[in-house]
Amino acid sequence: EWFSSMEQIIDLVRHESLLAPTLQNYIKAKMEILLKLKTYGDELSEIADKVSANKEEYIIHPINQYHLIKRFATQWTEVNQLLDRFNRTGKKTDFIKNATRLFPKEEDIKGSAEGILRIQDTYNLNTSDIAEGNISGEKGHNSLKKLTTDECYHIGKAAFNGGLYDPCTHWMQFSLQRFEEGKQNFSKAHAEEYLQLCKMVSICWAIVATKAQISSDDKSYKFSANSKFPKVCRGDVKIVSKTQSQMDQLKYYIKNYLYIGYILNIKMIQQPSFPRISRNMWERKLHCYLHTNNGNPWLMFNPVKVEELWDSPHIVQFYDVITSAEVDKIKKLAKPRLFRAIHFEDKEDSEVFQKAAYRITKVSWLNDTSGPVIAKLTRRISEITGLSMNTTEELQVANYGVGGEYPPHLDVASDDHRKRMYDHPDGERIATFLIYLSEVEEGGGTAFVRAGVAAKPIKGSAVFWYNMYPSGDIDIRTFHGACPVIIGNKWASNKWIRELGESFHRQCKLDRNA
Ligand SMILES: O=C(O)CCC(=O)C(=O)O
Ligand SMILES: [Fe+2]
C-alpha cells in the first residue's frame, strides 16, 4: 500500500525514474529490431510479388532457385531470429515484470483519490480548481497534468463510497459538464444516477440529523454542521447481493441508511472530523519568550525559544529542540520500520488491533537503544519540560501520506474505554511532546479544535501540552488532530509521557481544574 506515507510516494518517483529509461531502452531496442524487420519485409515482399507474378518462369531458372534457397537460409532465417528477439522479453523486461508485482494497485488509486477528497473537504476547495491541478492556492503548485474527465468521475465515485455525498455531487456534476460523447469511459447515465443517489442521501441525512439533534444531550459536541454521515450507519449495512446490479445495490444500501438511522436512534459522530479550516490557520495571539525551565543548568547557557500558542489549556511550541542532522538520523532509523498506523478496535467480544483507516500515516517506534540520537532527545525533552521521563513510551515517528491526516482525538483514552482496556501500569499519557521533523509547504498543521488554535509544522520545533489537569482528570480541551497535508512530506514524532514517573514532578493545585 503506497498512499499512506509520503516517503513511499518518493520511492515511487525513484522507481519511475529507473523504470522509465529501462522502458525507453527497451522500446529503442525493439524499434531497431522492427526497423530491420521492415527493411527485410519490404525487400522480401517486393521479391515475392515479382516471383508470384511470374511463378513458372522464375522457378525453372537455377540461379533463381539458388536465390530462393539462399533467401530462406539467410534473410528469412534472420527474420525468424529477429521475430524471436522481438517476442523475447529479456532481462530488461523481466526487471519491469518483476517490479510490476510491487506496483501500486487499485486500492492505492482509491486511497489517493480519498486523499484529494480529504484535502478538498477540509480546506473547502473548488472542484474545478482541483481538476485543473490547482490545489495549492496562490503559491502556484500546479500539477504536471490536469485531471481527465474520467478521473473526475472516479474521484466522485470514491467520494460516494467514502460517504462524502456533497463532494460526490460536485464531482459528478463536473464530470457531466465536461462529458464528451465517445471520449469518456463512463456512461452519462451512471453519473446521473450517482447524483440522484446523493440527493436521496442528503434527504435521508437531514431526517437523521433532525432526529439526532432532538435526542442528543450534548448537541454542540456530538453534532455539528460539518459532521459526516454517522459511521454507525455507514459500516453496519453492507448488504451485497450478487444478483443485483451495482446501482440497485447502492439504492438498497441507501434505503438501509434511512432505516438504520431510525432504529438506532443514532449515536452520533464516532469519528469526529475537522471543522472546515482555512489554509492560513496560524493566527498567533500570545507571546514568545526564552525558556530556561526555572534555571536548568543546561538551558541557562542555551535557553529554548518558546511561543505560547494557547493559555488554557496551556499549549506551547518550543523551537530548535533538535538539529537538522539529528532529524536526518531519526528519519533514517525510522524509515525501514514504517508500518501503517494501527489502533485498538473494540469489537463485540474481542479487542483487536486494526489498520486505522482514518489515520493516513505510517509510523515506527524507536527506543533509547535504537541509537544515541534517540536517548539524547529523551534527555533534552526532560530538560525542557522538567519531567523525569521515567515512564515514557518509545518515540513514535510518523510519515504522512496523500492528504494524510489524523482526525481530532485525545491522546488519552476516553473514560469508558479506559476502564476496560487502557489499564496501563504507568498510568495515562499525562503529556505530549510532538516534534516536527519536517516543514510542510501547505496544510498539515496540528489543530486544537476546541481551543481554536493550530500549530504550524516547523522542522526542529515541538508542541507541548498536558493532556490532564494536575488533578488527574482528563483535559478534553486538548482535543486535537493533524490536518490533511496539502503539499509537502510531513514527518512528525510523538513522545508520550505517562503519569506514574511524573508523580513528583507535577504538583497538584488547590483548584481541581487549575
Ligand atoms: O501529526 C500531528 O500533527 C499530530 C499527531 C497526533 O496528534 C498524534 O499522533 O496523536
Ligand atoms: Fe494526538
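Residues numbered from 1 in each chain as written. Chains lettered and ligands numbered in written order. Predicted model: local features only at pLDDT ≥ 70, side-chain atom pairs only at ≥ 80, totals over all residues. Heavy atoms only, no water.

A.B. asks: Residues and numbers for helix 7 (residues 149–161), please.
C.D. replies: The end-to-end C-alpha distance of helix 7, which contains 13 residues, comes to 19 Å, matching closely the 18 Å that a straight helix rising 1.5 Å per residue would cover. For helix 7, every residue scored as buried is listed here: Thr149, Asp150, Cys152, Tyr153, Ile155, Gly156, Ala158, Ala159 and Phe160. Just downstream of helix 7, Gly163 is the residue with a positive phi angle, here 80 degrees. (Helix = DSSP H or I, 4+ residues; strand = E, 2+ residues; numbered from the N terminus. Expected span 1.5 Å × (residues − 1). Buried < 20%, exposed > 50% of the residue type's maximum accessible area, 1.4 Å probe, protein only.)

A.B. asks: Please provide a residue-by-residue account of the site of ligand 1, values included.
C.D. replies: In the vicinity of ligand 1, 13 residues are found, and the nearest of them are Tyr400, His409, Thr446, Lys490 and Asn494. At a separation of 2.7 Å, an oxygen atom of ligand 1 approaches a polar side-chain atom of Lys490. Calculation on ligand 1 without its partners gives an accessible area of 300 Å², and the protein chains cover 99% of this total. Broken down by secondary-structure element, the contributors of at least two residues to the shell around ligand 1 are strand 9 (406–409), strand 15 (480–482) and strand 17 (491–498). (Near = heavy atom within 4 Å. Polar contact = N/O pair within 3.5 Å; in protein donor to acceptor, adjacent residues only side chain to side chain. Areas by Shrake-Rupley, 256 points an atom, 1.4 Å probe, with all protein chains shown as cover.)

A.B. asks: I'd like a rundown of the packing of helix 14 (residues 324–334) against helix 15 (residues 372–385), residues and numbers included.
C.D. replies: Packing of helix 14 against helix 15 brings their axes to within 9 Å, and their N-to-C directions diverge by 120 degrees. Comparing the axis directions of helix 14 and helix 15 gives the class oblique. Where helix 14 crosses over helix 15, the two elements pack in a sense that is left-handed. On helix 15, the residues that touch Glu326, Lys329, Ile330 and Leu333 of helix 14 are Val373, Ile374, Lys376 and Leu377. Within the contact of helix 14 with helix 15, the residues separate by chemical class into five nonpolar, no polar and three charged. (Axes fitted to C-alpha atoms, helices over the stretch in contact; angles between N-to-C directions. Parallel < 35°, antiparallel > 145°, perpendicular 65-115°, else oblique. Left-handed = near helix turned anticlockwise from the far one by under 90°. Contact = heavy atoms within 4.5 Å. Nonpolar A, V, L, I, M, F, W, Y, C, P; charged D, E, K, R; others polar.)

A.B. asks: So what about the sheet that holds strand 15? Which residues, and what values?
C.D. replies: An order of 9-15-12-13 is seen for the four strands of this open sheet, with the pairing classed as antiparallel. Where the open sheet ends on each side, the last strands, each with one partner, are strand 9 and strand 13 (453–455). Taken pair by pair, the neighbouring strands of this sheet meet at an average axis angle of 15 degrees, ignoring direction. Of the strand pairs in this sheet, strand 12 (residues 446–448) and strand 15 are connected by two bridges, and their pairing is antiparallel. Residue pairing across strands places Thr446 opposite Ala482, the latter belonging to strand 15. (Pairing = 2+ DSSP bridges.)

A.B. asks: So what's going on with the pairing of strand 10 (residues 429–436)? Which residues, and what values?
C.D. replies: The element strand 10 is largely enclosed, with a buried count of eight among its eight residues. In terms of strand pairing, strand 10 meets strand 17 through seven bridges, oriented antiparallel. Looking at strand 17, one finds that Leu434 is bridged to Asn494.

A.B. asks: Residues and numbers for the nonpolar core, please.
C.D. replies: In this structure, Phe318, Val321, Ile330, Phe433, Ile435 and Phe464 are the most contacted members of the largest nonpolar core, which totals 36 residues. Sorting the residues of this core by element identifies strand 2 (304–310), strand 3 (315–319), helix 14, helix 15, strand 8 (395–400), strand 10, strand 14 (462–466) and strand 17 as the ones contributing at least two each. In terms of residue count, the dominant contributor to this core is helix 15 (five residues). Membership of the second largest hydrophobic core comes to 35 residues, among which are Ile119, Ile130, Cys168 and Tyr194. (Core = buried A, V, L, I, M, F, W, Y, C linked by side-chain atoms within 4.5 Å.)

A.B. asks: Could you give me a rundown of the sheet that holds strand 14, with the residues and numbers involved?
C.D. replies: The antiparallel open sheet is built from nine strands, whose spatial order is 1-2-3-14-10-17-8-7-4. Two strands close off the open sheet at either side, each with one partner strand: strand 1 (288–291) and strand 4 (339–340). Pairing geometry for strand 8 and strand 17, over four bridges, is antiparallel. In the strand pairing of strand 17, Val397 is matched with Ser493. Across the sheet, helix 14 is in contact with strand 7 (361–366), strand 8 and strand 17; its angle to strand 7 comes to roughly 100 degrees.

Nothing here speaks to function; it is all geometry.
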